[in-house]
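Take a look at the letters that make up each chain.
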Amino acid sequence: MRFLLTHFRAFSTGIATSPSSQISYFARLGQIENARKVFDGLSEKTVVSWNSIIAGYFQNNQPCEARFLFDKMPQRNIVSWNGLISGYVKNGMITEARRAFDKMPERNVISWTAMIRGYVQEGMMEEAEALFWKMPERNVVSWTVLLGGLIQEGRIDEARRLYDAMPVKDVVVRTNMIGGYCKEGRLSEAREIFDEMPHRNVVSWTAMITGYAQNNRVDVARKLFEVMPEKNEVSWTAMLMGYMQSRRMEEALDIFEAMPVKSDAACNAMILGFGLNGQVAKARMIFDTMSEKDDVTWSTMIKVYERKGFELEALDLFALMQKKRVRPNFPSMISILSVSSSLASLDHGRQVHAQLVRSQFDLDLYVASVLITMYVKCGYLVKAKQVFDGFTPKDIVMWNSIITGYAQHGLAEEALQVFHDMFSSGFMPDDVTFIGVLTACSYSGNVDEGLKIFELMRSKYNVEAKTAHYACVVDLLGRAGRVNEAMNLIENMSVEADAIVWGALLGACRTHKKFDLAEVAAKKLLHLEPENAGPYILLSNLYASQGRWDDVAELRKNMKARSVNKFPGCSWIEVEKRVHMFTMGDSSGHPEHVMIMKMLEKLAGLLTEAGYCPDGSFVLHDVDEEEKMNNLRYHSEKLAVAYGLLRVPKEMPIRIMKNLRVCGDCHSAIKLISKITGREIILRDANRFHCFKGGLCSCKDYW
DNA sequence: TCAACTCAGC
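Conventions we followed
Residues numbered from 1 in each chain as written. Chains lettered and ligands numbered in written order. Predicted model: local features only at pLDDT ≥ 70, side-chain atom pairs only at ≥ 80, totals over all residues. Heavy atoms only, no water. Axes fitted to C-alpha atoms, helices over the stretch in contact; angles between N-to-C directions. Helix = DSSP H or I, 4+ residues; strand = E, 2+ residues; numbered from the N terminus. Parallel < 35°, antiparallel > 145°, perpendicular 65-115°, else oblique. Left-handed = near helix turned anticlockwise from the far one by under 90°. Contact = heavy atoms within 4.5 Å. Core = buried A, V, L, I, M, F, W, Y, C linked by side-chain atoms within 4.5 Å. Buried < 20%, exposed > 50% of the residue type's maximum accessible area, 1.4 Å probe, protein only. Domains from an automatic or database assignment. 1 Å grid on protein atoms, 1.4 Å probe; cavity = no way out; pocket = protein on both sides within 12 Å on 5 of 7 lines; lining within 4 Å. Points joined across faces, edges and corners; volume = space filled by probe spheres on them. Nonpolar A, V, L, I, M, F, W, Y, C, P; charged D, E, K, R; others polar. Near = heavy atom within 4 Å. Polar contact = N/O pair within 3.5 Å; in protein donor to acceptor, adjacent residues only side chain to side chain. Pairing = 2+ DSSP bridges. Salt bridge = Lys/Arg side-chain N within 4 Å of Asp/Glu carboxyl O.

(A) Broad picture of the packing of helix 16 (residues 233–245) against helix 17 (residues 249–258). At a minimum axis separation of 8 Å, helix 16 and helix 17 run at an interaxial angle of 165°. In this view, helix 16 runs roughly antiparallel relative to helix 17, as classed from their interaxial angle. You can see that helix 16 and helix 17 cross each other, and the crossing is left-handed. Between helix 16 and helix 17, the contacting residues are W236, M239, L240, Y243 and M244 on the first element and M249, E251, A252, I255, F256 and A258 on the second.

Below is the structure:
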């Protein structure tokens, strides 16, 4: 019934009158089944209707069925053979196309051109050119196809010589040449051809507009856009993208609103444009106004949330997408894996992993690396290693992912072992590898090994030291208390020290209470990154610990003047696929607030009994002692631990994440909590993992 | 009526 209705509609609108054009009509819409029904219903099948249905199958990416029907045809004409060639070309089957070309009984200019087009599409320009010069006769289309190939290869001057040699030029080839020049940024040459054109169509105007729009001349593009006699969807979209790439979002929005037909592509572009520009709410508004959303729309919005740090919203939307029966596509799954990494949400990560396996995307090298990183960030190293081991052949990114993973968990031996495995598998370590290895040495206190590797990196592996490597070594020396050596290294660096290097020194100075050097490092940092709250906090912390309250006040005033805001500490935990987030001092927004507070009370009692003494020096603020103690008790990581104790089954480890470094007092407290409760607690902070068990931490208090 | 070419973004 439904078929009859659509059939009738196609018929009555006058779009398709003959059986063959009905077949083509349905095929163009992607409704190949309906096309087939028309074909099967024909009492008398002509060559033309056979040709139409075969072309339809090729167009709908079903070359096997197309070939099957071609073999079954009672009669073939030259159009059938040409259709076979172009059908194979459309499906990227160049060998089969050539076989048909060689086998066909007679050829015309279209057969030759279709074959050349196939070679051009596959980037086989030598074959394309050879065939072109062998053609018995050429027309303007054949010339254009070859010209397009040269342009595609960036051989613009050769393309121009071919263009000049053409006996006849039409509007298409002129437009092609315009597009070629525009792609190379040679706008004046493009414009010259445009101005000399005897006739122009919408496509020529749009090509010229695109050229200006994508070469930072969006205002010129707009002028042409205003005067062009007729606009289509492509011209509107080109103009839109021009503003978008120039980050002129208001004008982009104006164009978008004025567009008579808002294609999905334009909407998706707006969502991405606004979203990545930081206007996430506006992006969501466009998303919400779209009546029909396809998988690209959903994944675009999810990607925006992911990139802009709206992890929870990304997860919600991913769930909603599936509820609306839109199958997750590849980009959405990659986004969610990335979200899972940021949130250390093992449940979501695992779910996506399963979906990737089902759609066989997990065989992809890039996916393997993303999966490894996800499992590493979720603190599930065994699984990360399992994915790593199960994938061959490996690439450098995979090796680096697993090495960095071990490093972040402070497992230096494992990291170094993989590093050596990598070398014996014939891979040359690169700069990223060494960041991982040096980090491993640093986090595990392997100072001598680290220094040796840093030396070998340059002398043996020929990898030039970047600031990130220096930062690792400064960290390595600094953690071990060799702060002056670290400072010496900075002074003798081959590149200029950046914020990461100074930050590493500052961290070490804080740990080892080297106040004079700390002040030097902090002031460097304030200079390099005036918007970053980190150094202000550290410096303020430092002054506070010495009771220099005037300096603290001065610093605060400075922060306010530059409108630097402290990044609030926040921790979260995943329970039954829901992420629960806590900020410092408060869980009142949480539905189980009362239970959490009770658990904290209970913990406080147990901790006191166990001899725990809060260390107020970890609180920055100039507040009285009692309030200091309260602030400590309600640090976000403690709230998350309390919730984990309430909700995570006994036999499972409690996995907590924190956006900043774990606070020293919380570190001591959680060690004790792991002992008192007999629970394993895995905490991922901004720097690394801490695995608390039986009163000890995997970092061996070296962090 | 079926077969070859140009503009945007996926």
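(B) Summary view of the nonpolar core. Ranked by size, the top nonpolar core spans 197 residues in total, and within it I53, I85, I178, F256, M301 and L505 carry the most contacts. In terms of domain composition, this core takes at least three residues from each of domain 1 (465–567) and domain 2 (570–697). Core analysis: the next-biggest nonpolar cluster, separate from the first, contains 31 residues, I596, Y634, L639 and L645 among them.

(C) The arrangement of the layout of surface pockets in detail. By volume, the second largest pocket is sized at about 380 Å³. Forming the walls of the second largest pocket are 15 residues, and the residues nearest its centre are G379, L381, H409, L411 and C691. Looking at the lining of the second largest pocket, the elements that each hand over two or more residues are helix 25 (381–389) and strand 5 (689–693).

(D) Summary view of the packing of helix 8 (residues 109–121) against helix 9 (residues 125–134). At a closest axis distance of 7 Å, the pairing of helix 8 and helix 9 adopts a crossing angle of 160°. Taken together, helix 8 and helix 9 sit at an angle that is classed as roughly antiparallel. Crossing angle aside, the handedness with which helix 8 passes helix 9 is left-handed. Counted together, W112, M115, I116, Y119 and V120 of helix 8 and M125, E127, A128, L131, F132 and K134 of helix 9 form the full contact between these two elements. In the contact of helix 8 with helix 9, the residues fall into 9 nonpolar, no polar and 2 charged.

(E) Inspection of the protein's contact with DNA strand B at higher detail. Near DNA strand B you find 33 residues, and of these N51, V79, N82, N139 and V172 are the closest. Here, DNA strand B places atoms within 4 Å of the protein, and 46% of those atoms are sugar or phosphate. R117 places a side-chain nitrogen or oxygen 3.4 Å from a phosphate oxygen of DNA strand B. At the level of elements, helix 2 (19–28), helix 4 (47–59), helix 6 (78–90), helix 8, helix 10 (140–152), helix 12 (171–183), helix 14 (202–213) and helix 16 are the ones that each hand at least two residues to the surface near DNA strand B. The dominant element in the surface near DNA strand B, judged by the number of residues it contributes, is helix 16, at 5 residues. For the surface near DNA strand B, the class distribution of residues is 13 nonpolar, 18 polar and 2 charged.

(F) Region of interest: the pairing of strand 1 (residues 570–575). With 6 of 6 residues buried, strand 1 is to be regarded as a mostly interior element. Alternating residues of strand 1 divide into C570, W572 and E574 and S571, I573 and V575, and every residue in both groups is buried. In this sheet, strand 2 (residues 578–583) lies alongside strand 1 in antiparallel orientation, the contact comprising 6 bridges. Following the sheet pairing, E574 is matched in strand 2 by V579. In sequence, strand 1 turns back onto strand 2 through a hairpin of 2 residues, with E576 there showing a positive phi of about 45°. The pairing of strand 1 with strand 3 (residues 654–658) spans 3 bridges and is classified as antiparallel. Residue pairing in the sheet places W572 in a bridge with M657 of strand 3.

(G) Broad picture of the pattern of salt bridges. In the structure shown here, the tally under the stated rule is 28 salt bridges. A salt bridge links R186 to E189, with the nearest nitrogen and oxygen atoms 2.9 Å apart. The partly exposed category is assigned to R186, whose relative accessible area is 25%. E189 sits in the partly exposed class, given a relative accessible area of 25%. Among the salt bridges present, the one from K466 reaches D431, with a minimum N-O distance of 2.8 Å. Taken as a pair, K466 in the loop between helix 29 (447–459) and helix 30 (467–479) and D431 in helix 28 (residues 431–444) lie far apart in primary sequence, 35 residues in all. Under the relative-accessibility criterion, K466 is labelled partly exposed at 45%. The class of D431 is partly exposed, set by a relative accessible area of 22%. Linked through salt bridges whose partners overlap, the residues forming this network are E519, K523, R548 and D551.

Remember that the coordinates give geometry; whether it matters functionally is a separate question.
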